[in-house]
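These are the residues of each chain, in order.
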Amino acid sequence: QVQLVESGGGSVQPGGSLRLSCAASAISLSINPMGWYRQAPGKQRELVATLTSNSDTNYADSVKGRFTLSRDNAKNTVYLQMNSLKPEDTAVYYCNVQRHKTSYWGRGTQVTVSS
């Protein structure tokens, strides 16, 4: 059974940093494309960043230069390093992996940026 578990969320002040983790079981993050999404209260879920099996990355304009994806194949885990956080980054962050036209989601981790 595929499981994606996000962790690393929390509360930080503007300008702070967090590193989110997406740990996967029963699905490989090194050969399947994955992405991080976020959903703020009252808003639709939006794409934050994507990572392909070739390690190609793509970032939403709103996070370019501040967020960075990385992957540890041995741990089957993908990380989202978030720097220079802003209040508008406040949201629940979700990990998503695609395999054979099936989309898998984690339960999310809350990120709150506030002074």
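The paragraphs below set out a description of the structure included in this document.

Basis of the calculations
- Residues numbered from 1 in each chain as written.
- Predicted model: local features only at pLDDT ≥ 70, side-chain atom pairs only at ≥ 80, totals over all residues.
- Heavy atoms only, no water.
- Core = buried A, V, L, I, M, F, W, Y, C linked by side-chain atoms within 4.5 Å.
- Buried < 20%, exposed > 50% of the residue type's maximum accessible area, 1.4 Å probe, protein only.
- Helix = DSSP H or I, 4+ residues; strand = E, 2+ residues; numbered from the N terminus.
- Contact = heavy atoms within 4.5 Å.
- Phe/Tyr/Trp six-rings, centres within 6.5 Å; stacked < 30°, edge-to-face > 60°.

## A look at the nonpolar core
- If you look at the biggest cluster of nonpolar residues, it comprises 29 residues, and the most contacted ones within it are Trp-36, Phe-67, Leu-80, Met-82 and Tyr-93.
- Going through the elements one at a time, β3 (18–25), β4 (34–39), β5 (46–51), β7 (67–72), β8 (77–82), β9 (91–99) and β11 (109–113) are the ones with two or more residues in this core.
- Once residues within four sequence positions are removed from consideration, Met-82 is found in contact with Gly-16, Ser-17, Leu-18, Leu-20, Arg-66, Phe-67, Tyr-93 and Val-111.

## Considering the packing of aromatic side chains
- Here the structure, examined in full by the defined rule, presents two aromatic pairs.
- Seen in terms of ring centroids, Tyr-94 and Trp-105 are 6.4 Å apart; in terms of plane orientation they differ by 85°. Their pairing is edge-to-face. With a gap of 11 residues between them, Tyr-94 in strand β9 and Trp-105 in strand β10 (residues 102–105) connect regions that are remote in the sequence.
- Taking the relative accessible area as the measure of exposure, Trp-105 reaches 36% and is therefore partly exposed.
- These aromatic residues form a ring-pair network of at least three members: Tyr-37, Tyr-94 and Trp-105.

## Observations regarding unusual backbone geometry
- Here the phi dihedral of Ala-26 falls at roughly 65°; this positive angle occurs in a residue that is not glycine.
- Along the chain, Ala-26 falls in the loop between β3 and β4.
- On the basis of relative accessible area, Ala-26 is assigned to the partly exposed category, the value being 49%.
- Backbone geometry at Ser-55 places phi at a positive 70°, although glycine is not the residue there.
- Looking at the element boundaries, Ser-55 is found in the loop between β5 and β6 (57–59).

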